[in-house]
There are 2 protein chains.
Amino acid sequence: MLYRNIMHSPHAPAPHHDHDHCIADALTRADALCAERGARLTSLRRRVLELVWNSHRPRGAYAILEDLSQQDGKPAAPLTVYRALEFLVEQGLVHRIESLNAYVGCAAPGAVHSGQFLVCAACGNAIEIDDPRIRSAIDATAAEHGFRVQRPTVEVRGLCPECQEKVP
Amino acid sequence: MLYRNIMHSPHAPAPHHDHDHCIADALTRADALCAERGARLTSLRRRVLELVWNSHRPRGAYAILEDLSQQDGKPAAPLTVYRALEFLVEQGLVHRIESLNAYVGCAAPGAVHSGQFLVCAACGNAIEIDDPRIRSAIDATAAEHGFRVQRPTVEVRGLCPECQEKVP
DNA sequence: TGCATGATGTTACGATATAACATCCGTTTG
DNA sequence: CAAACGGATGTTATATCGTAACATCATGCA
């Protein structure tokens, strides 16, 4: 039932899905979006985006930095990566997972969504969701408190279906 | 006597509420809860809790560390504070605000609640809420994804009513 | 061509957090 | 009481995450 939906959702990939295709898709969408917006997806930024998409697990800035350094054969500076990530986050191509100090590729860039994640404590995968019930509940309670919402952050730590089976 | 920020929060509605009373209440509740549980609220842990409650704004571990060092006249080590905070968070006396890497006193320790905050980008106050609609929306969407919830984190960045008036 | 602007490089540093191991101190137990 | 035990705290060092300030490069455009 719903489990199957997960398996076929781009947000929660099957364990052995074609991840090269995932990456290629993400880059293609990013190219299109940036062209449309007149944003400059430079070579460096594109490379960083590709490294973020290296897995569906949020990755730390320094992990990406290492990859970048290894590719180039010489060490890159942290700022190099942080600046690229800042651009990517601004463009909605990448999300920052606050509770992990890490970054993950956005599953649906361009679409309006509010940064909601199911983060598996075991495998580290971050499943991006966009549940209007959560969003509207947040908007409602904020309104009741006279609070003006700018950026809602929802990060649910727990166990994904696969990891529940492994460690019940 | 330490300097204290007197901030407006739903738990202290008046802009110039009696914050000493806030702190005293928090400590009393902490004493009772820990006694009830057989948890050891040692002198150090109690002092750290008091320093967290110094304002209604989330405070960084190193800010607390400085206060502690100043009180003692000699520098304390980071671990001293981190270990105390770890205990306090475990006991539900303090919450960690992930998006700020900071800690704030729990408004209703002992009660079941799920860590939801309205964080003002201007004044820095963190208003703790416990909206069952948010929680049940999270539970529902998690269930639909076959995800087992361990710890939901909801941190809504925005502007509190007072700061909206100041900077509209 | 040369300027304006944004992107990237370089160096240094600040902020946040933990590892590994030693010591203290209250409680239990012989 | 003393010895053993275990949790709390102290000490030192280091890992991890993030930014400031300023220089240089690249790209598009007048």
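Residues numbered from 1 in each chain as written. Chains lettered and ligands numbered in written order. Predicted model: local features only at pLDDT ≥ 70, side-chain atom pairs only at ≥ 80, totals over all residues. Heavy atoms only, no water.

### Side note on the packing of aromatic side chains
Residue and element names in this part refer to chain A.
At step 1: One pass over the full model with this rule turns up 2 aromatic pairs over all chains.
At step 2: Judged by centre distance (6.2 Å) and plane angle (70°), the rings of Y62 and Y82 are edge-to-face. With Y62 in helix α4 (residues 61-72) and Y82 in helix α5 (residues 78-90), this pair connects stretches of sequence that are 20 residues apart.
At step 3: The ring of F87 is capped by R45, whose NZ or CZ atom sits 3.9 Å from the centre of that ring. (Phe/Tyr/Trp six-rings, centres within 6.5 Å; stacked < 30°, edge-to-face > 60°. Helix = DSSP H or I, 4+ residues; strand = E, 2+ residues; numbered from the N terminus. Lys NZ or Arg CZ within 6 Å of the ring centre and 35° of its normal.)

### Quick notes on the protein's contact with DNA strand D
At step 1: The full set close to DNA strand D counts 15 residues, and A:Y62, A:L79, A:R96, B:T42 and B:R83 are the nearest of them.
At step 2: Within the side chain of A:Y82, a nitrogen or oxygen atom sits 3.0 Å from a phosphate oxygen of DNA strand D.
At step 3: At 2.5 Å from a base nitrogen of DNA strand D is found a side-chain nitrogen or oxygen belonging to B:R83.
At step 4: Looking at the surface near DNA strand D, the elements that each hand over two or more residues are α5 of chain A together with α2 (43-52) and α4 (78-90) of chain B.
At step 5: Class assignment of the residues belonging to the surface near DNA strand D gives a composition of 7 nonpolar, 3 polar and 5 charged. (Near = heavy atom within 4 Å. Polar contact = N/O pair within 3.5 Å; in protein donor to acceptor, adjacent residues only side chain to side chain. Nonpolar A, V, L, I, M, F, W, Y, C, P; charged D, E, K, R; others polar.)

### Details of the pairing of strand β4 (residues 126-129) of chain A
Residues and elements named next belong to chain A.
At step 1: Covered by surrounding structure in β4 are A126 and E128 together with I127 and I129, the residues of both alternating faces.
At step 2: Two strands pair when backbone bridges link them, and strand β3 (residues 116-120) and β4 are joined in this way by 4 bridges, in the antiparallel orientation. Looking at the pairing, Q116 lines up with I129 of β4.
At step 3: Counting the residues that bridge the hairpin from β3 to β4 gives 5 residues, and of these G124 lies at a positive phi of roughly 85°. (Buried < 20%, exposed > 50% of the residue type's maximum accessible area, 1.4 Å probe, protein only. Pairing = 2+ DSSP bridges.)

### A word on the interface of chain A and chain B
At step 1: Contacts between chain A and chain B engage 38 residues on the former and 36 residues on the latter.
At step 2: Across the chain A to chain B interface the summed buried area is about 3,400 Å²; carbon plus sulfur atoms make up 60%.
At step 3: Of all residues in chain A, the largest losses of buried area upon contact with chain B belong to A:F147, A:R148 and A:R157, amounting jointly to 19% of the total for that side.
At step 4: Run the count over chain A and chain B and you get 2 salt bridges.
At step 5: Between B:E144 and A:R133 there is a salt bridge, and its shortest N-O distance comes to 3.2 Å.
At step 6: Here chain A and chain B share 14 residue pairs in polar contact (both at pLDDT 80 or more) between them. (Contact = heavy atoms within 4.5 Å. Buried area = accessible area lost by both parts, 1.4 Å probe. Salt bridge = Lys/Arg side-chain N within 4 Å of Asp/Glu carboxyl O.)

### Brief notes about unusual backbone geometry
All names here are of chain A.
At step 1: Unusually for a residue other than glycine, N101 sits at a positive phi of about 50°.
At step 2: Mapped onto the elements, N101 comes out in the loop between β1 (94-97) and β2 (102-105).
At step 3: Relative accessible area serves as the criterion here: at 38%, N101 is assigned to the partly exposed category.

### Considerations on the layout of surface pockets
At step 1: Its volume calculated, the largest pocket comes out at about 470 Å³.
At step 2: Around the largest pocket sit 19 residues that line it, and A:V89, A:V94, A:H95, A:R96 and A:R151 are the ones nearest its centre.
At step 3: Mapped onto the lining of the largest pocket, the elements with two or more residues apiece are α5, β1 and β5 (148-159) of chain A.
At step 4: The element that contributes the greatest number of residues to the lining of the largest pocket is α5(A), accounting for 5 residues.
At step 5: For the lining of the largest pocket, the class distribution of residues is 7 nonpolar, 6 polar and 6 charged.
At step 6: Computed from the structure, the second largest pocket encloses a volume of approximately 380 Å³.
At step 7: In terms of lining residues, the second largest pocket is bounded by 17 residues, among which B:V89, B:H95, B:S114, B:G115 and B:R151 are the most central.
At step 8: Counting residues per element, the ones that place at least two in the lining of the second largest pocket are α4, β1 (94-97) and β5 (148-159) of chain B.
At step 9: Take the lining of the second largest pocket: its biggest share by element is 5 residues, from β5(B).
At step 10: Across the lining of the second largest pocket, the residue classes tally to 5 nonpolar, 7 polar and 5 charged. (1 Å grid on protein atoms, 1.4 Å probe; cavity = no way out; pocket = protein on both sides within 12 Å on 5 of 7 lines; lining within 4 Å. Points joined across faces, edges and corners; volume = space filled by probe spheres on them.)

Limitation: the analysis is restricted to geometry and does not speak to function.
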